[in-house]
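So the chains spell out like this:
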Amino acid sequence: MLRCLLICLLFGLSSCGKSSPAGGADAPRVERLGEPTALVGQATARPSTTLSPWYGQTAYDPEAPAILSDQRQAWTGAAPLRLAWDLAASTQGPRQLNTAVRAESTKWEHAWTASVFWQEESGEVQLLWQESIAAQYEAAHSPSWNAAQVSLPQGAGTLILGAQWENPGLAAQSGLRVAWQRPEVFPSNGARELPDIVLISIDTLRHDVLTEMPQLQALMDEGWQWQEAYAPSNWTLPAMASLFTGLGVDEHGVGRGPFAASATGKAENRAFRSLQQVPTIAEVLHAQGYATGMWHQNPFLEAWSGLDLGFERYVRCADRPLSAAADAWQWWQQQSSSRFLVLHEFTPHYPYAPNWQGVPDPLADLPTASWFGADLTPQERMRRFSLPSEQQEAVRARYRHQLHALDQALSDMIAKLRASSPQCVILIHADHGEELWDDGRFEHGFGFNDSVTRVPLAIIWPKELEPAVGHGPAPAHHLLTLCLELLQERRGLSAGDFPQSALRSTSGMAPQGGQTSLHIGAPLYRSLVGGRSWSATEGWEDLPFDGRGSQGLEAQLPLGTAQQLVELGYTGEVSD
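Counting from 1, residues in each chain are numbered in the order their sequence is written. Owing to the predicted nature of the model, reporting of local features is limited to residues with pLDDT of at least 70; listing and counting of side-chain atom pairs is limited to 80 or more, with chain, interface and lining totals taken over all residues. Each side-chain value is worked out from all heavy atoms of the structure, with water and hydrogens disregarded.

**Q** Whenever I open this one, the sheet that holds strand S17 (residues 229-230) confuses me. Can you help?
**A** Pairing between the strands of a sheet comes from backbone hydrogen bonds, and it takes one of two forms, parallel or antiparallel. Pairing between two strands is assigned when DSSP locates at least 2 bridges connecting them. Runs of H or I in DSSP of at least four residues are treated as helices and runs of E of at least two as strands, each being numbered from the N terminus. Spatially, the three strands line up as an open sheet ordered S24-S17-S27, and their pairing is mixed. Looking at the sheet topology across the chains shown, the edges are occupied by strand S24 (454-455) and strand S27 (474-475). One ladder, built from two bridges, connects S17 with S24; its direction is antiparallel. Paired with Tyr230 across the strands is Arg454, a residue of S24.

Here it is, written out as structure tokens:
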């Protein structure tokens with residue numbers, strides 16, 4: 001069969017696609033291969049995503065798998081498929097190919113084979129890697145990625161990625177959709193020129209609970225931290241869009257659609273707005289040569305949000321502390337270029353410690369699932385979540401219990417990352433806090449008091465930043481833009497065209513707040529106020545709730561993802 005495959009590859013091998021090196025400081029070391037020549041079949045560039053039945057749901061159940069969805073930038077097409085790239089001779093010694101392959105079809109009746117070939121300039125073809133994938137008749141979830149990490153010859157030649165049915169008699173037949181992760185070629189032993197960056201974003205972390213997380217607080221004490229950092233919104237989607245773009249919630253337009261004229265009491269169709277045609281910091285880092293990967297646990301951060309832009313790996317994980325640790329660590333070790341790793345942790349988000357039996361859960365018997373999604377007045381929401389003081393304290397205890405578990409899990413993961421990369425930049429962030437009846441309200445998404453909008457914030461860069469504390473209101477969503485500016489000043493990295501960070505003094509020697517204004521808005525639920533603003537002259541001021549919602553474009557589910565959801569039994573239709 002191998003002889004047959006080689007003959008098929010050699011037949012018609014005339015010209016191949018050229019590779020395109022990455023820009024920026026890492027350009028001599030990382031080749032991100034551009035558009036291939038399709039020797040057999042046709043290829044389309046788009047994200048390809050594995051999906052489990054837990055996709056789009058909260059997944060804190062112990063039965064939930066660690067990885068719920070895994071999106072990668074890919075070349076996709078119908079098998080038989082042969083994609084080829086011409087590579088110049090390596091001037092940096094041994095080199096390695098990193099890619100992966102999967103079937104996008106959820107069911108197929110015959111085994112198929114994925115292969116990596118190398119053709120010398122002399123015309124000789126070598127098989128470097130091959131994986132046989134068995135027939136799949138039952139589709140409980142979409143097929144996973146099969147990693148292909150292959151040592152490449154140093155001389156000039158042609159890299160060929162192929163997929164076809166394993167049975168030679170079926171080799172020419174179509175009927176199977178295949179995705180090859182966009183291939184990248186690295187020196188096997190190159191030194192990283194830019195520091196690694198690790199962003200730890202913790203969902204629903206209040207500013208006043210770090211006493212419950214002593215190891216995280218000790219880490220923050222090593223760098224710059226802000227005592228009065230404020231999130232730009234009171235829920236995840238617009239807050240994270242601001243972090244990734246440096247823009248305020250009114251500028252990027254990401255969030256929910258308009259509210260009904262008055263509360264209906266029924267489930268809302270929120271018509272969420274996604275990030276579209278706005279540059280992201282991940283895109284800038286990727287263009288500078290960074291390997292980019294994000295592991296998150298929040299359904300609001302699925303790829304439909306647009307926050308996946310710039311990430312080579314974009315992974316949704318189970319809602320357990322550091323459920324992504326093993327997979328993220330494996331990715332971290334596989335990269336030869338500088339790394340930008342994002343870990344967004346759902347803990348300590350509601351439901352607090354759902355599998356903990358230490359303290360009874362007063363919320364367990366309430367129909368909270370239907371209430372959270374209902375269009376209620378603020379007063380009705382307060383009434384439905386009204387509990388006696390002793391039950392409120394039991395809920396707080398469960399919230400604190402999650403913090404302890406997360407603190408240990410983060411400490412273990414960060415210790416591994418720092419051991420492998422002692423000079424890595426670590427960013428500590430929270431998208432918003434949580435109201436635990438501070439003003440008589442519960443949860444987040446509608447209130448704008450400090451328990452919901454004031455968040456922990458820090459940047460740690462050993463030997464570059466001396467410990468310092470910033471005071472005065474400061475925008476939490478400027479953390480990544482600050483990181484870019486520091487990298488530009490000290491390592492020559494291009495910072496891109498983002499708003500200037502307001503998290504430090506003009507000298508750059510210490511963080512400070514005290515910018516002229518802050519704006520917080522874009523609520524998820526109907527609210528008594530629409531947000532609040534701060535200015536150095538007027539202080540804090542409540543903003544009116546006008547029901548407009550966010551002004552961006554309505555989110556659309558990617559076609560490939562929608563197709564797989566239908567094949568897996570989800571309801572809905574797919575259209576081009």
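After that view of the structure, there is still more to cover.
**Q** I would appreciate a short explanation of unusual backbone geometry in the present structure.
**A** For residues other than glycine, phi is negative in most cases, and the peptide bonds are mostly trans. Cis peptide bonds are those with omega within 30 degrees of zero, and the linkage from Ala79 to Pro80 qualifies with 5°. Its place among the elements puts Pro80 in the loop between strand S6 (67-79) and strand S7 (81-87). Note that the residue after Thr347, namely Pro348, is joined by a cis bond; omega there is 15°. Along the polypeptide, Pro348 turns up in the loop between strand S20 (339-345) and helix H7 (368-372). With a phi close to 60°, Gln277 is a non-glycine residue in the positive phi region. Within the secondary structure, Gln277 sits in the loop between helix H4 (249-252) and helix H5 (281-287). The buried label goes to any residue with under 20% of its type's maximum accessible area, the exposed label to any with over 50%, and the partly exposed label to all in between, with areas taken from a 1.4 Å probe on protein chains only. Given the relative accessible area of 81%, Gln277 is considered exposed. In this structure, Ala353 is a non-glycine residue whose phi angle is positive, near 45°. Classification of Ala353 as buried rests on a relative accessible area of 6%.

**Q** Just to check I follow, could you spell out the nonpolar core for this structure?
**A** The nonpolar side chains of soluble globular proteins are, as a tendency, buried together. Only buried residues count toward a nonpolar core, which is a set of Ala, Val, Leu, Ile, Met, Phe, Trp, Tyr and Cys residues joined through side-chain atoms within 4.5 Å. If you look at the biggest cluster of nonpolar residues, it comprises 109 residues, and the most contacted ones within it are Trp226, Phe340, Phe442 and Ile459. For this core, the element with the most residues is helix H9 (residues 389-420), which contributes nine residues. By the convention used here, residues are in contact when the closest approach between their heavy atoms is within 4.5 Å. Discounting chain neighbours no more than four positions away, the residues touching Ile459 are Gly223, Trp224, Trp226, Val425, Ile426, Leu427, Leu465, Leu479, Leu482, Cys483 and Leu486. In this structure, Leu83, Val150, Leu176 and Val185 belong to the second largest nonpolar core, which totals 29 residues.

**Q** It is not clear to me how the packing of helix H6 (residues 325-334) against H9 should be interpreted in this structure. Could you clarify?
**A** Packed helices, taken two at a time, are described by their axes: the angle between them and the distance between them. For helices, the fitted axis covers only the stretch in contact; all axes are lines through C-alpha atoms, and the angles between them, taken along N-to-C directions, range from 0 to 180 degrees. Interaxial distance between H6 and H9 falls to 11 Å at its minimum, and their mutual angle equals 5°. Here H6 is positioned roughly parallel relative to H9, judged by the angle of their axes. The segment H6 lies against H9, with Ala325, Ala328, Trp329 and Trp332 engaging Met413, Lys416, Leu417 and Ser420. Residues are sorted three ways: Asp, Glu, Lys and Arg are charged, Ala, Val, Leu, Ile, Met, Phe, Trp, Tyr, Cys and Pro are nonpolar, and all the rest, Gly among them, are polar. Residue classes in the contact of H6 with H9 are distributed as six nonpolar, one polar and one charged. Roughly parallel covers angles under 35 degrees, roughly antiparallel covers those over 145, roughly perpendicular covers 65 to 115, and oblique covers all other angles.

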